[in-house]
Structures are given as C-alpha cells and as structure tokens.
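Results of the structural survey
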Amino acid sequence: MGGVSTAIDITLNSLVLGGVFLIVAIGLNIIYGLSRVMNLAHGSLYALGAYSGYTLVSTGLNFFVALLLAPLLVGVAGLLIERTVIAPMRSRSIVYTLILTYGLMFFIDGLIKYTWGNEPRFIDLPAFMRETLPILGTHYPVFRLMTLLITAVVMAGLMLFLSRTKTGMTLRASSTIPEMVSCLGVNMKYVHIGAFVLGSVLAGIAGIIAGPLTTIDPIMGHEMLISSFVVIVIGGLGSLRGAVIAALLIGAVQTLAEFFITDLAMVIVYMLMAIILAIKPRGILGEGKFE
Amino acid sequence: MMKRLIIVSLCMFLSFTMFVPQQAAAADPVKIGVIVPLTGIVAQGGLEMKMGIEMAAEEKGTLLGRPIELIVEDTQVKPPIAVTKAEKLVYKDGAVALIGVFSSGVGLALAKNIDKLNVPFLSTHVMTTAFYGLNPMVFRSGQLANDQTAVGNVKGIMARPDLKDRTYYVIVHDYAWGHDAGQRFIELAKKNGIKIYNEDFDKAPIKTKDWSSYISKIKASGVDGVYMAFITNVIPVFAKQAYDFGLQQAGVKMVSAAAPGPLELEAGGEACYGIFGASDWSWDVNTPESDKWEMAFWKKYKTIPSDAAAHSYVGAMNLFKGIEKAGSTDPKAIADALRGISYDGPYGTVRISAKDNCMRNSAVLTETMAAPDNPFGAKVVMKVLQTFPAEELGPPE
C-alpha cells in the first residue's frame, strides 16, 4: 500500500469520524442554542437511534427506510422527554435540567440494556454497501463513503432549512433575541419543542449511520457525548458554523494521532481543546452565534 | 405463685433464645462476594462470569453444612469502585471470600488491598502474569494467563503452515493486561522465529469504537498477520471493521490473546470467521464432562455457553472445595486449603499451584468458523484445532 492510498484512507477516515461528531454535536448545539438546555442524555438518544435502526433492519426493512424511520422514532422520544422532563423545569436554573438529563441518560441506557441486552450488535447492510470501492490504490468501504454523502445531505438540508425557510429563520432569531420573537407572536413553547425534537432527530440519524461504522452497544452514547462536548466547546457553545469547523478538526486530529502516535491519540485531542480554549476561551467562533 | 413462676420461666427462655448467637443456627449462610462488571464495555462478559459462578453455587448447594449466599456487586470495570465494593462485601455483608473480577487493572487493585480486606480473593478472569505468587491470599483459577496464552498461540502458529510464515502486527488494549499480553507474545514469538512488524506495538484506548485508523495503519504496513489483545467483547467489533476494509479478504490472518464471547461472535457473523486463539474451553470440546456441563448451562440459561462462564464455574468450584477442605471460614485456613487444590470439570483437571497460587490446566487452540448444527443454535463456533496439556503451557513449578 503506497503513500497516496494511505493518505486517502486517513483523509476519508477523518471525514467520516468528523461527520458523525458533527451531526451529534449540531443536535446538541441546536438544543442548547434555542432552549438553553444542556442535554446530557443526547448520547443516549444517539444510542437509541442506532438500536431503533438495528431493530427496523432486523425485521427485514430496507436500510434506507430504517434511516428515515429510526430518527423519527428518536424524535418522538425527544418530544416525550421535552414535554415530561424538560418543560416543567424550564423556568428553573439550568442546573435542574442538567441533573435531570444526567439521570435520564442512565434511565435510557438501562432501558436499552433491558430491551436489547449487553452484547454488541451490528446493523446488517445491503450487499452493495458491504463492498469496498477501489480509490487510487486503496479499497475503501462503500458504507463509509455513503456516510459522507448522508452527512453532507443532512448538513445541506439543515443549513437550507435554517437559512431559507420562515420556520428556520424564526428558530435562528429565537436563539439571539427570544423576547423580540415572542413579542412578534411566536409561541416560544413550540420553539423549545421544535429545537428538542430536531436535536433528537439529528442524534437518531448519527446513531443509525454510526451503527454499521462501529458497533452498537448500550454505552455507545457516553463516549460520543464527550466527543460532542469537545466539538461544541472548541467550536463555540451554540455556534453551528463553529461546530462544523471543530468537528472536522477533531476528526482529522484524532485520526492522524491514532495513525502516527497511537498511544497518545486522545491526549492530543484534549490538548488541542485546552490550547484553543486558552487562546479563545469562547471557542473558535464564540459562544451563542447560532448561524 | 405457680402462675408467676411460669411467666418468669417463659421470659427467661425467650430472653435466652433471643441472645443465643445466630451463627449457631445451622441455616446461617456462607457468604461469598462475587465481583463482576455488569455495566460498561465488558458487561456481557461479567454476566457470563456471574452465570458460571451461580451455576456452581446451585450445584454445590451447601458449604460446611450451610447454604451458600452469593452477594453480587458490579465493578463497572473501575478499580476504585471494585475496591469500594469489595470493602462493602467484606466489612458490611460479611463475605468470607471474593471471587470473579474481569480486567487485570481491577484485579491488581483488589490484590493491593487484600491484606487489609483479609479474605481470600480468587480471580476467574484476570490474565496478567503479575498474579503469579503475588500475595498468599490472591489466587487465579480461570482464564489462561498471558504467558500461557502466548505459549498456546505461538505453539499454534508454529504448528500451522497457514499461520507460521507470516509477519504479525501487534495491537493491544491500552491497559495492564494488554501491555502484558503483547510483550509476552512478542518475546516468545521472536524466540521461535515468528516475524513481528512492530515490537513497539500499538496500544489502543479501551474505549476505542472506530478502529479505522488502526486498520489503515495495518493495511499500510503490508503485514499478513495480526496479533490482537483486546477484551473479549471488542474482538468481533475489530474483526467486523477489519472485514469492512477487506483485511481478511486480502488474506490477513488474525490471532487473538483472548477468547471472543459467543454472543459477540454471533453478532459479527461471517466477519468473525478465521480468528485463531488459545483458551481454556470452547463448546466444541467433545468430552462427556464438557458435553454434560454445556447442556446443563444451556438448560439453565438458554444462552450459548461461553469460555468466561466455564472457567468462572470451575473457579467457583475450586473455591468451594477450598472452603470445605479448610473446614471453616477462617481466611487463612481457606487460603492454605486452596493451595494445591484441584477440580475436574468441563475442561479437565484445573489445579491451583501450591507454588504460585495460579491454576494449571490444559487448553485448546481454536479457530472461529461457521458452526455445524448444534443444540444452541449458534452460527459461529470456536472450532478446536489442537489441545495443549497443562505441562506444555506452564509455567514450570
């Protein structure tokens, strides 16, 4: 295997990893940016997306149908959580929702363990997605390339929704001038619900695409939650563009570090976070720039 | 007067019965602390260990004429939590011995505190060589130690032309066991002329989910063999991702320092075919004792019998024999009794060495492949290729 093919492998690996980080982190950022809730159960919703996808595919459903349905199921779960757990606490300090979602994380993890068991699961992919594609001397898994495509489509769709639709623009405005938006007759309750459901759907999408990439297990969301926090802290809390830059940066740094240094890969990632925060304490693009 | 006398006598009798030490009652159980991970990355392995120990206790029924009470605690595979749970089991619950433990890190942390805890600790799943003669109260009767696995794997590689003339890329989990397993294999492999690509082997964080960078690195190295020391649940995960990248299809063979769990193998399916490795036992071992045990396990739990369950069962039986031989629950008496004790179970005689407190037993070299028809409905089997007698695996006594 030559240098070029290795470089292609590394580049694609970092984009795939960064892409998954991005979808999870953007979901977390949308929830925080629009409703000021730091959802510590976000990783568990990501796991729920993976398990929902696994179950749907196991029942014989096509993977692409499952890719549409699983996030919707997670969205419904998000709606229930928002209405029953988050909404009653909205008038209180952020600490209340922080503690509640922390507990919720263990509740969902326990529910997953009870329903699906401890052992890892793998999503059965259509035959063509299990193949590898020759690219300049390397053979790269088709599903990983599909993941890049799905990430790009999701992000493009999200950006179009937020920048070109009235609802999207209302959501963006709600993040910076909620009082004004409220005065204009927008019911903020629906903004909060919409933000939580949208964030949950994104977690679900990330879950079902990460399932075949790695493995599905009851605690898969924990590590992802930490990585997502690293992304949103580096990018700037609540900043969508910051999250895009940070996710790609973290994906690249982690992949390169794993390839060249191996033992210290994660140390490098956290060192990078420390350096960026030392220089820009509010992250690359600053806190709260929901654009 | 007579009435008063009867009342006073009755009160005295009741007082007497209230203050008689409860331990005098024959029904007072012998409490054993079971320390296994039931949450976290190795929860499935912990559950299988618990099943094996519970099955042994149920079969044994009583110890010293008293019922056995297993008190199970979850370590979460975290050394400080395991130590706290052990303290609770000994000081609060009154456990007379500790059994179980997955992970060398957790095992070593418990061993460090064993003098303070002052009860025998018998590990059924700690593979580090540091356990040999570590402490008079610390024992191993369970999964093969790293040196024994390395001997089995090197002998297996040398005996098989399809494994022998290959260059091996070594990758391990980044903690005490993984490091020890990697070093043991490399030392022995070099002595036997097996080519190693990276003597300064890769150490991947235990929480690694995406193995793509490591697999790309293996691809770039151009090797045709991989020696992996991953915790059991992760072996199929790595194999599956390597398969996605076409590593096995390109002819790369995999040898594992630990036995993969059967449920994980089932989940991995075809991607998990072709993994070689030495272990205590596989349900493919065809002896009357093994067949009897695996059917009893299947009947009780309706899940595929695993190596983790088998050696935890045997470990528990050895501990129970030790307590009976000691004739009491005195910690030192149990520890003394455990040295040299043996149990004949699903994989033959498992004897705890009087020299170093660690077990000696025979082992098998297996290769994962499509399973023939079997009572468990398993699709993947760890097919037995070779059996090693205990003397061959060592270490010498």
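Treat the numbers as computed from the prediction; the structure is a model and nothing was measured.

Calculation criteria
Residues numbered from 1 in each chain as written. Chains lettered and ligands numbered in written order. Predicted model: local features only at pLDDT ≥ 70, side-chain atom pairs only at ≥ 80, totals over all residues. Helix = DSSP H or I, 4+ residues; strand = E, 2+ residues; numbered from the N terminus. Rg over C-alpha atoms; globule rule 2.2 N^0.38 Å. Buried ≥ 20, exposed ≤ 12 C-beta atoms within 10 Å, placed from the backbone. Contact = placed C-beta atoms within 7 Å. Nonpolar A, V, L, I, M, F, W, Y, C, P; charged D, E, K, R; others polar. Expected span 1.5 Å × (residues − 1). Pairing = 2+ DSSP bridges. Axes fitted to C-alpha atoms, helices over the stretch in contact; angles between N-to-C directions. pLDDT = per-residue confidence, 0-100. Parallel < 35°, antiparallel > 145°, perpendicular 65-115°, else oblique. Left-handed = near helix turned anticlockwise from the far one by under 90°. Domains from an automatic or database assignment.

1. Some words on the overall build of chain B
- If you tally the helices and strands in chain B, you get 15 helices and 17 strands.
- Relative to the globule expectation of 21 Å for 397 residues, the C-alpha radius of gyration of chain B, 23 Å, shows essentially globular dimensions.
- In terms of principal-axis extent, the alpha carbons of chain B reach across some 100 × 45 × 40 Å.
- A burial count over chain B gives 58% of its 397 residues as buried.

2. As for the overall build of chain A
- Within chain A, the secondary structure is distributed over 11 helices and two strands.
- Scanning chain A from its N terminus toward the C terminus, one meets helices and strands in the order α-α-α-α-β-β-α-α-α-α-α-α-α.
- For a compact globule of 291 residues, the expected C-alpha radius of gyration is about 19 Å, and chain A comes in at 19 Å, within 12% of that figure.
- Taken along the three principal axes of its C-alpha coordinates, chain A extends 60 × 50 × 35 Å.
- Here chain A, with 291 residues, has 49% of them falling under the buried criterion.
- The contacts in chain A between residues at least 6 apart in sequence include a share of 78% that link residues at least 24 apart.

3. A look at the interface of chain A and chain B
- In this complex, chain A contributes 27 residues to the contact, which on the side of chain B involves 32 residues.
- In terms of residues, the side of chain A that touches chain B owes the most to one element, helix H1 (residues 3-35) of chain A, which gives five residues.
- In terms of residue class, the side of chain A that touches chain B is built from 12 nonpolar, nine polar and six charged.

4. Re helix H3 (residues 79-92) of chain B
Residue and element names in this part refer to chain B.
- Under the 1.5 Å per step criterion, the end-to-end length of H3 is 19 Å for 14 residues, consistent within 8% with the ideal 20 Å.
- Residues of H3 that are buried sit in contact with strand E1 (30-36), strand E3 (66-74), strand E4 (97-102), helix H4 (104-112) and helix H5 (114-117).
- With its phi angle positive at about 80°, Gly94 sits one or two positions after the end of H3.

5. Overview of the sheet that holds strand E15 (residues 359-360) of chain B
All names here are of chain B.
- Spatially, E13-E14-E15 is the arrangement adopted by the three strands of the open sheet, whose pairing is antiparallel. Sheet topology places strand E13 (342-345) and E15 at the edges, where each strand pairs with a single neighbour.
- Each of E13 and strand E14 (348-352) touches helix H13 (residues 307-326); the most contacted strand, E13, lies at about 140° to it.

6. Comments concerning unusual backbone geometry
Residues and elements named next belong to chain B.
- Note that the residue after Gly394, namely Pro395, is joined by a cis bond; omega there is -5°.
- By the element assignment, Pro395 lies in the segment after helix H15 (390-393).
- A positive phi angle, close to 55°, is found at Val77, a residue other than glycine.
- Even without being a glycine, Asn357 presents a positive backbone phi close to 65°.
- Along the chain, Asn357 turns up in the loop between E14 and E15.
- Classification of Asn357 as buried rests on a count of 25 C-beta atoms within 10 Å.

7. What about the sheet that holds E3(B)?
Residue and element names in this part refer to chain B.
- Pairing within the open sheet is mixed, and its six strands lie in the order E2-E3-E1-E4-E5-E6. Edge positions in the sheet fall to strand E2 (62-63) and strand E6 (138-140), since each has one partner strand and no second.
- Here H3 sits on the sheet in contact with E1, E3 and E4, set at roughly 170° to E1.
- Helix-sheet contacts for H13 involve E1, E2, E4 and strand E5 (121-125), and the interaxial angle to E5 is about 160°.

8. A word on the confidence of the model for chain B
All names here are of chain B.
- Averaged over all residues, the pLDDT of chain B is 91; the fraction at 70 or higher stands at 93%.
- The element-level mean pLDDT for chain B is lowest in helix H1 (residues 2-19), coming to 52, with E6 highest at 98.
- Under a pLDDT of 50 for its full length, residues 16-25 has, in the predicted model, two contacts with residues more than four places off or in other chains.
- Interface confidence in the predicted complex, given as ipTM, is 0.84; pTM for the same model is 0.85.

9. Digging into the pairing of E4(B)
Residues and elements named next belong to chain B.
- Of all six residues making up E4, six are buried, and the element is well covered by its neighbours.
- Sheet topology places E1 next to E4; four bridges connect them, and they run parallel. Looking at the pairing, Val34 lines up with Ile99 of E4.
- Strand direction decides the pairing type here: E4 and E5, joined by four bridges, are parallel. The residue bridging Leu98 from the neighbouring strand is Phe121, located in E5.

10. A few points about the packing of helix H9 (residues 220-235) of chain A against helix H10 (residues 240-260) of chain A
All names here are of chain A.
- At a closest axis distance of 8 Å, the pairing of H9 and H10 adopts a crossing angle of 125°. Regarding the angle of H9 to H10, the classification is oblique. Crossing angle aside, the handedness with which H9 passes H10 is right-handed. Along its contact with H9, which presents Ser227, Val230, Val231, Ile232, Ile234 and Gly235, the element H10 presents Gly242, Ala243, Ile245, Ala246, Ala247, Leu249 and Ile250.
- The class makeup of the residues in the contact of H9 with H10 is 10 nonpolar, three polar and no charged.

11. A word on the pairing of strand E7 (residues 167-173) of chain B
All names here are of chain B.
- Burial runs high along E7: six of the seven residues are buried.
- Examined bridge by bridge, E7 and strand E10 (residues 225-229) share five bridges and lie parallel to one another. When the bridges of E10 are listed, Val172 appears paired with Ala229.
- By the bridge criterion, three bridges tie E7 to strand E9 (residues 202-204) in an arrangement that is parallel. Bridge pairing links Val172 to Lys203 in E9.

12. Some remarks on the packing of H3(B) against H4(B)
All names here are of chain B.
- Following both chains from N to C, one finds H3 and H4 inclined at 45°, their axes separated by 9 Å at the closest point. Taken together, the axes of H3 and H4 are oblique relative to one another. For the pair H3 and H4, the crossing hand works out as right-handed. Counting all contacts with H3, which are made through Pro79, Ala82, Val83 and Ala86, the residues of H4 involved are Gly105, Val106, Ala109 and Leu110.

13. As for helix H2 (residues 42-58) of chain A
- The end-to-end C-alpha distance of H2(A), which contains 17 residues, comes to 24 Å, matching closely the 24 Å that a straight helix rising 1.5 Å per residue would cover.
- Within H2(A), 15 of the 17 residues are buried, which leaves the element mostly enclosed by the surrounding structure.

14. A closer look at the domain arrangement of chain B
Residue and element names in this part refer to chain B.
- Looking at chain B, the domain boundaries give domain 1 (30-144 + 287-361) and domain 2 (147-279 + 364-393).
- Between the C-alpha centres of domain 1 and domain 2 the distance comes to 26 Å.
- The interface is formed by 21 residues belonging to domain 1 together with 24 residues belonging to domain 2.
- If you list the elements that add at least two residues to the side of domain 1 that touches domain 2, you get helix H2 (43-60), H4, helix H12 (288-301) and H13.

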